[in-house]
Amino acid sequence: MTEHRVVAPQIAPGERVKGPASYFPSIEKTYGRPVQEWLDLIVERLAGEMHMEVVAWLKAEYGLGHGHANALVAYCTAALAK
């Protein structure tokens, strides 16, 4: 595992969230995995691949839709840039 870890936000029920994290409740419901698992997988891939390569990998390997995959990767990329 890389030395960087992106932590999933804690979203309270009914809380209005903007940006990529607004997709997270739907991602968990649709794919049955916690967002933190996706973020951990993505951070590993971002160490050597570009944004859209990781999006394509999520779509091909796990069947994520483009919007969901892009939201997860965008969230990771922004968090790692801080």
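As the structure is a computational prediction, the values presented were derived from the model and not from experiment.

On the secondary structure map, Gln36 appears in helix 2 (residues 35-46). For Gln36, a relative accessible area of 17% translates into the label buried. In this structure the side chain of Gln36 is engaged in a polar contact, spanning 2.8 Å, whose partner is the backbone oxygen of Val6. Each residue touching Gln36, except ones within four places of it in the same chain, is listed here: Arg5, Val6, Val7 and Ala8.

Running from N to C, helix 3 (residues 51-62) and helix 4 (residues 66-81) point in directions that differ by 135°, and their axes come no closer than 9 Å. One finds that helix 3 runs oblique with respect to helix 4. Crossing of helix 3 over helix 4 shows right-handed handedness. In contact with His51, Met52, Val54, Val55, Leu58 and Lys59 of helix 3, helix 4 contributes His66, Ala69, Asn70, Val73, Ala74 and Thr77. When the residues that make up the contact of helix 3 with helix 4 are grouped by side-chain class, the tally is seven nonpolar, four polar and one charged.

Inspection of the entire model under this criterion finds four aromatic pairs. Note on Trp57 and Tyr62: the rings are 5.4 Å apart at their centroids and 90° apart in plane angle, and the pair reads as edge-to-face. Of the residues examined, Tyr62 reaches a relative accessible area of 29% and is grouped as partly exposed. One aromatic cluster in this structure is built from Tyr31, Trp38, Trp57 and Tyr62. A cation over a ring is seen here: Arg33 above Trp38, with NZ or CZ 4.7 Å from the ring centre. The ring of Trp57 carries Arg45 above its face, with NZ or CZ at 4.1 Å from the centroid.

Reading the values: the criteria
- Residues numbered from 1 in each chain as written.
- Predicted model: local features only at pLDDT ≥ 70, side-chain atom pairs only at ≥ 80, totals over all residues.
- Heavy atoms only, no water.
- Helix = DSSP H or I, 4+ residues; strand = E, 2+ residues; numbered from the N terminus.
- Buried < 20%, exposed > 50% of the residue type's maximum accessible area, 1.4 Å probe, protein only.
- Polar contact = N/O pair within 3.5 Å; in protein donor to acceptor, adjacent residues only side chain to side chain.
- Contact = heavy atoms within 4.5 Å.
- Axes fitted to C-alpha atoms, helices over the stretch in contact; angles between N-to-C directions.
- Parallel < 35°, antiparallel > 145°, perpendicular 65-115°, else oblique.
- Left-handed = near helix turned anticlockwise from the far one by under 90°.
- Nonpolar A, V, L, I, M, F, W, Y, C, P; charged D, E, K, R; others polar.
- Phe/Tyr/Trp six-rings, centres within 6.5 Å; stacked < 30°, edge-to-face > 60°.
- Lys NZ or Arg CZ within 6 Å of the ring centre and 35° of its normal.

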